[in-house]
Amino acid sequence: MAALLESLRLASNEHPDVSLTHESGWSISAFRSGIVWLENIETGDGPWHMRGLSFVSMLELWVKLAEGHIESLLSLAWVPGYAG
């Protein structure tokens with residue numbers, strides 16, 4: 001996961017983000033600018049976003065998602081909608 005996030009440093013405008021999706025349908029997309037999006041691609045819940053995250057913070061979110069700690073993720077200070 002860390003290597004995938006590190007690939008953001010070379011991200012192009014054509015492929016500006018990387019994402020991780022849990023088997024439950026929850027997905028976190030991360031952008032080089034420090035923006036992350038949270039949404040459930042199966043149920044349509046979300047989207048929500050956060051700004052100004054470091055790569056370390058993004059990795060922490062991804063680890064929570066990979067481990068299935070969805071309630072913990074949902075309890076964070078997300079802002080409704082996409083941010084770009």
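As shown above, the structure is provided for reference.
So, here's what we can say about the structure.

1. Digging into the overall build of the protein chain
Phase 1 of the analysis: For the protein chain, the helix and strand inventory stands at three helices and five strands.
Phase 2 of the analysis: Helices (α) and strands (β) of the protein chain occur, in sequence order from the N terminus, as α-β-β-β-β-α-α-β.
Phase 3 of the analysis: For the protein chain, the residues scored as buried account for 38% of the 84 residues in total.
Phase 4 of the analysis: Pairs at least 24 apart in sequence give 45% of the contacts found in the protein chain among residues at least 6 apart.
Phase 5 of the analysis: Total accessible area on the protein chain is roughly 4900 Å²; 55% of this is exposed by carbon and sulfur atoms.

2. What to know about the pairing of strand β1 (residues 17-21)
Phase 1 of the analysis: Judged by which residues are buried, β1 turns out to be one-sided: Val18 and Leu20 face inward and are buried, whereas Asp17, Ser19 and Thr21, on the alternate face, are not.
Phase 2 of the analysis: Inspection of the sheet shows β1 paired to strand β2 (residues 26-31) by five bridges, in the antiparallel sense. When the sheet's bridge partners are listed, Asp17 is paired in β2 with Phe31.
Phase 3 of the analysis: In this antiparallel pair of consecutive strands, β1 and β2, the connection spans four residues, and Gly25 shows a positive phi of 100°.

3. Digging into the packing of aromatic side chains
Phase 1 of the analysis: Under the defined criterion, the tally for this structure stands at three aromatic pairs.
Phase 2 of the analysis: A centroid spacing of 6.0 Å and a plane angle of 20° characterise the contact between Trp26 and Trp48, whose relative ring orientation is stacked. Here the residue Trp26 occupies a position in strand β2, and Trp48 occupies one in strand β4 (residues 48-50), the gap between them amounting to 22 residues.
Phase 3 of the analysis: Classification of Trp48 by relative accessible area gives partly exposed; the value is 25%.
Phase 4 of the analysis: The interplanar angle of 55° and the centroid separation of 4.4 Å between the aromatic rings of Trp37 and Tyr82 together place this pair among those described as tilted. Taken as a pair, Trp37 in strand β3 (residues 36-40) and Tyr82 in the segment after β5 (79-80) lie far apart in primary sequence, 45 residues in all.
Phase 5 of the analysis: Among the aromatic residues, those joined into a ring-pair cluster are Phe31, Trp37 and Tyr82.

4. Describing the sheet that holds β3
Consider a sheet: its strands pair through backbone hydrogen bonds, and that pairing is either parallel or antiparallel.
Phase 1 of the analysis: Strand order in the open sheet made by the five strands is β1-β2-β3-β4-β5, with antiparallel pairing throughout. Lying at the two open borders of the sheet, with one neighbouring strand each, are β1 and β5.
Phase 2 of the analysis: As judged from the three bridges shared by β3 and β4, these two strands associate in the antiparallel manner. Note on β4: the bridge partner recorded for Val36 is Met50.
Phase 3 of the analysis: Along the sheet, helix α2 (residues 55-66) makes contact with β1, β2, β3 and β4, crossing β2 at roughly 165°.

Conventions adopted
Residues numbered from 1 in each chain as written. Predicted model: local features only at pLDDT ≥ 70, side-chain atom pairs only at ≥ 80, totals over all residues. Heavy atoms only, no water. Helix = DSSP H or I, 4+ residues; strand = E, 2+ residues; numbered from the N terminus. Buried < 20%, exposed > 50% of the residue type's maximum accessible area, 1.4 Å probe, protein only. Contact = heavy atoms within 4.5 Å. Areas by Shrake-Rupley, 256 points an atom, 1.4 Å probe, with all protein chains shown as cover. Pairing = 2+ DSSP bridges. Phe/Tyr/Trp six-rings, centres within 6.5 Å; stacked < 30°, edge-to-face > 60°. Axes fitted to C-alpha atoms, helices over the stretch in contact; angles between N-to-C directions.

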